[in-house]
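# Coordinate inspection notes
In case you want the letters, here they are:
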Amino acid sequence: MQNKVKLEQLNVHFGATHAVKDVSMDFFENSVTAIIGPSGCGKSTVLRAINRMHDLVPSARVTGRILLDDKDIYDKVADPVSIRRRVGMVFQKPNPFPAMSIYDNVIAGYKLNGRVNRSEADEVVESSLKRVALWDEVKDRLKGNSMELSGGQQQRLCIARTIAVKPEVILMDEPASALDPISTLKIEELIEELKEKYTIIIVTHNMQQAARVSDHTAFFYLGELVEAGETRKIFTTPDKKQTEDYITGRFG
Amino acid sequence: MKSVILRKGANMAMTGLMLAAALAVLVPLVLIFVHIIKMGLSSISLDFFTQIPKPTGETGGGMANGMAGSAVMIALASIIGLPIGIFGAIYLSEYGGSRISTVIRFAADVLAGIPSIITGMVAYTLLVVPMKGFSALAGAVALAMIMIPIILRTTEEQLKMVPGSLREASLALGVPLWRTSLKVTLRSAMTGVMTGVLLAIARVAGETAPLLFTALGNQFWSSKLTAPMAAMPLQIFNFAISPYEDWHRLAWAGALVLVTIMFALSLSARYFGRSRQKN
Ligand SMILES: Nc1ncnc2c1ncn2[C@@H]1O[C@H](COP(=O)(O)OP(=O)(O)OP(=O)(O)O)[C@@H](O)[C@H]1O
Ligand SMILES: [Mg+2]
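What this report covers is the structure whose coordinates are included nearby. (Residues numbered from 1 in each chain as written. Chains lettered and ligands numbered in written order. Predicted model: local features only at pLDDT ≥ 70, side-chain atom pairs only at ≥ 80, totals over all residues. Heavy atoms only, no water.)

When helices and strands are counted, chain A shows 11 helices and 10 strands. Relative to the compact-globule value of 18 Å for 252 residues, chain A shows a C-alpha radius of gyration of 18 Å, a close match. In terms of overall dimensions, chain A has C-alpha extents of about 55 × 45 × 35 Å along its principal axes. For chain A, buried positions account for 55% of its 252 residues. Expressed as a percentage of contacts within chain A between residues at least 6 apart in sequence, the contacts between residues at least 24 apart total 67%. Between the averaged position of the 34 positive side-chain charges in chain A and that of its 35 negative side-chain charges there is a distance of 3 Å. (Helix = DSSP H or I, 4+ residues; strand = E, 2+ residues; numbered from the N terminus. Rg over C-alpha atoms; globule rule 2.2 N^0.38 Å. Buried < 20%, exposed > 50% of the residue type's maximum accessible area, 1.4 Å probe, protein only. Contact = heavy atoms within 4.5 Å. Lys, Arg positive; Asp, Glu negative; His and termini not counted. Charge placed at Lys NZ, Arg CZ, Asp CG, Glu CD.)

Laid out in structure tokens, this is it:
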């Protein structure tokens, strides 16, 4: 299996807080990797490091290397904007642009960058919405307000917006935690489908979800990577006692 | 028993006192309105809006050139002040966080508190003296100096209220920070920003002192930005201190129009603020 993203001794500090400690691991192409662990263990922080979201936080300091196709994204010459075009992100709370229509939300990545091509746009919007199984639900109200969609529809819209710009890696930070079971199921099916084209890294608090959707799982505790490996192995015969305790719900 | 009655009495007395104090706030405003309407309304006519002041001794005339001059200078001041205030606010809110932001914020607060006559004197030294003459341009610059800190601070506050999740959504799509700031953050805050702009315009619309040393005023029509230009507050001032009864009446009419305009600006600023809160 081809590795797509590689963390090498990644450390993230926020002022005096050492949030991620010496993490090294691989994320593979066309596979889903789940990041699990108790609240505050640094899952979101690791995820956000992979598309340089910490650049905006003055107190944040990232050291170590993150290789995307063997190139360090924290290299001095690396450009955060082009990295974010290759590494998209879906957030915990659906966050469509409230002032934009459904159509404009899907095409936002092009529109905000000032390079929309009318006929191409229609094509991108339709195919992106179809991929997230939202097309049939919204095709008659593409010019309608995105805030009138349900939470689950909004989240699928955000995923459509992310895949519309054709990233290579998609980061998802608890994408279904604000959703009802049916919407969650739809998102999970979607992830299953998306991995044919993308490398997916998903943070989740839901063990069943991790077991269902991921091929690989990484367990974090207090900012450290305790164990990473194939999901089946992590969930049946983990190497570390800590991992087993967490997965079986014996601590948390 | 007695103490309870006493306590209730004291409570009522204090409540009444505070209500009276609160109502006293309204008194100056009501006085101003009533007085201005009483003195000014009778002198308002079509002539007032279409004629320029008549030479001394003749009756009639209006403030058309003053109104146009004020509009021109406020527009010019906005052209100067809006970009500086808004872009500066974007820097403070979206890029800042360093020592220089704190300094700029403090400087803006000090600038906002500086008496406007001093702003006028500075504009006089910096523009009127080197350009060898009073000018509308110098007046506009003086007004812009008053507008900038107001726009800067209100815009910054509005930008800070935009949820971080929207910025992140845009950045994660590979949109550069400057485009995100303009097209997502500023756009989401637009109604609030407009409120601040309207308040800033309302504030400078009535400023007289900074124009005394800069635009100077003009009896006639003038469209040259490098020449003295009439302005409503200046005309009101000049007419009010003149010895002629007829000019006094014009001054009151001018005061009424000016206060009405400012009232309308404040109302629309409130309206903008409201409609923002609703969604
Ligand atoms: N912007 C920030 N400034 C300061 N500290 C931060 C910041 N973001 C995260 N942290 C700290 O870093 C640590 C890891 O936080 P992180 O959000 O990565 O946890 P998490 O595993 O995603 O938790 P959760 O499951 O609750 O989302 C925490 O101690 C948190 O307080
Ligand atoms: Mg998190």
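Residue and element names in this part refer to chain A. Following the criterion strictly, the structure yields 28 salt bridges over all chains and no others. Taking the shortest distance from any N to any O, the salt bridge between Arg84 and Asp55 comes out at 3.9 Å. Here Asp55 lies in the loop between helix H1 (43-49) and strand S4 (60-68) and Arg84 lies in helix H2 (residues 80-86), a separation of 29 residues in the sequence. Lys111 is the salt-bridge partner of Asp104, the closest N and O atoms lying 3.2 Å from each other. Residue class for Asp104 comes out buried when judged on its relative accessible area of 17%. The class of Lys111 is partly exposed, set by a relative accessible area of 36%. Connected through shared salt-bridge partners, Lys4, Glu29, Asp69, Arg86 and Glu168 make up one network. (Salt bridge = Lys/Arg side-chain N within 4 Å of Asp/Glu carboxyl O.)

Another point: the sheet that holds strand S2 (residues 17-28) of chain A. Residue and element names in this part refer to chain A. As summarised here, the arrangement of the four strands in space is S2-S1-S4-S5, forming an open sheet in which the pairing is antiparallel. Looking at the sheet topology across the chains shown, the edges are occupied by S2 and strand S5 (71-72). Bridge count for S4 against S5 is two bridges, and the pairing is antiparallel. In the strand pairing of S5, Leu68 is matched with Lys71. (Pairing = 2+ DSSP bridges.)

To continue, consider the site of ligand 1. All names here are of chain A. The local shell around ligand 1 consists of Phe14, Ala19, Ser39, Gly40, Cys41, Gly42, Lys43, Ser44, Thr45, Val57, Glu174 and His205. Take Lys43: an N or O atom from its side chain is 2.7 Å from an oxygen atom of ligand 1. Between ligand 1 and Thr45, the relevant distance is 2.4 Å, taken from an oxygen atom to a side-chain nitrogen or oxygen of the residue. Within the complex, the protein chains bury 62% of what would otherwise be the 630 Å² of accessible surface of ligand 1. At three residues, the largest contribution of residues to the shell around ligand 1 is made by H1. When the residues that make up the shell around ligand 1 are grouped by side-chain class, the tally is four nonpolar, six polar and two charged. (Near = heavy atom within 4 Å. Polar contact = N/O pair within 3.5 Å; in protein donor to acceptor, adjacent residues only side chain to side chain. Areas by Shrake-Rupley, 256 points an atom, 1.4 Å probe, with all protein chains shown as cover. Nonpolar A, V, L, I, M, F, W, Y, C, P; charged D, E, K, R; others polar.)

Contact residues are listed per partner, giving 16 residues for chain B and 26 residues for chain A. Summed over both sides, the interface of chain B with chain A buries roughly 1700 Å², with 66% coming from carbon and sulfur. Of all residues in chain B, the largest losses of buried area upon contact with chain A belong to Glu168, Ala172 and Leu173 of chain B, amounting jointly to 34% of the total for that side. Our enumeration of links across chain B and chain A arrives at one salt bridge. Here Glu168 of chain B and Arg48 of chain A are joined by a salt bridge, their closest N and O atoms 2.6 Å apart. Here chain B and chain A share five residue pairs in polar contact (both at pLDDT 80 or more) between them. Contributions of two or more residues to the side of chain B that touches chain A are made by helix H7 (164-172) and helix H8 (177-188) of chain B. When residues in the side of chain B that touches chain A are grouped by element, the largest group, seven residues, is from H7 of chain B. (Buried area = accessible area lost by both parts, 1.4 Å probe.)

Let's shift gears to the environment of Ser214 of chain A. Residues and elements named next belong to chain A. Residue placement: Ser214 occurs in the loop between helix H9 (207-213) and strand S9 (216-221). Looking at Ser214, the relative accessible area reads 8%, which means it is buried. In sequence terms Ser214 and Asp75 are 139 residues apart; their C-alpha atoms lie 30 Å from each other. Residue contacts for Ser214: discarding those within four places in its chain leaves Val32, Thr33, Ala34, Gln209 and Thr231. In terms of polar contacts, Ser214 uses its side chain to reach the backbone carbonyl oxygen of Ala210, at 2.6 Å. Polar contacts involving the side chain of Ser214 include one to the side chain of Thr217, which spans 3.3 Å.

All names here are of chain A. When you tally the buried positions in strand S3 (residues 32-36), you get five out of five residues, the bulk of the element. Relative to strand S8 (residues 199-203), S3 runs parallel, the two sharing four bridges. Residue pairing across strands places Val32 opposite Ile200, the latter belonging to S8. Sheet topology note: the S3/S9 ladder contains four bridges and is parallel. In the strand pairing of S9, Ile36 is matched with Phe219.

We now examine the packing of aromatic side chains. Summed over the entire model, instances satisfying the criterion amount to eight aromatic pairs over all chains. Here the aromatic rings of Tyr124 of chain B and Phe213 of chain B are separated by 6.5 Å at their centres, their planes lie at 70 degrees, and the arrangement is edge-to-face. Of this pair, Tyr124 of chain B sits in helix H5 (residues 116-128) while Phe213 of chain B is found in the loop between helix H10 (209-212) and helix H11 (232-240), placing the two residues 89 residues apart along the sequence. Both rings, one in Tyr244 of chain B and one in Trp247 of chain B, keep their centres 5.4 Å apart while their planes meet at 80 degrees; by these two values the pair is edge-to-face. Classification of Tyr244 of chain B as partly exposed rests on a relative accessible area of 36%. Among the aromatic residues, those joined into a cluster by ring pairs are Tyr124, Phe134 and Phe213 of chain B. The ring of Tyr103 of chain A carries the charged tip of Lys143 of chain A above its face, separated from the ring centre by 4.1 Å. Sitting above the plane of the Phe97 of chain A ring, Arg161 of chain A keeps its charged end 4.8 Å from the centroid. (Phe/Tyr/Trp six-rings, centres within 6.5 Å; stacked < 30°, edge-to-face > 60°. Lys NZ or Arg CZ within 6 Å of the ring centre and 35° of its normal.)

A separate point is the side chain of Ser70 of chain B. Within the element layout of this structure, Ser70 of chain B appears in helix H3 (residues 64-95). Residues within four places of Ser70 of chain B in sequence aside, it is in contact with Ala230, Ala231, Met232 and Pro233 of chain B.

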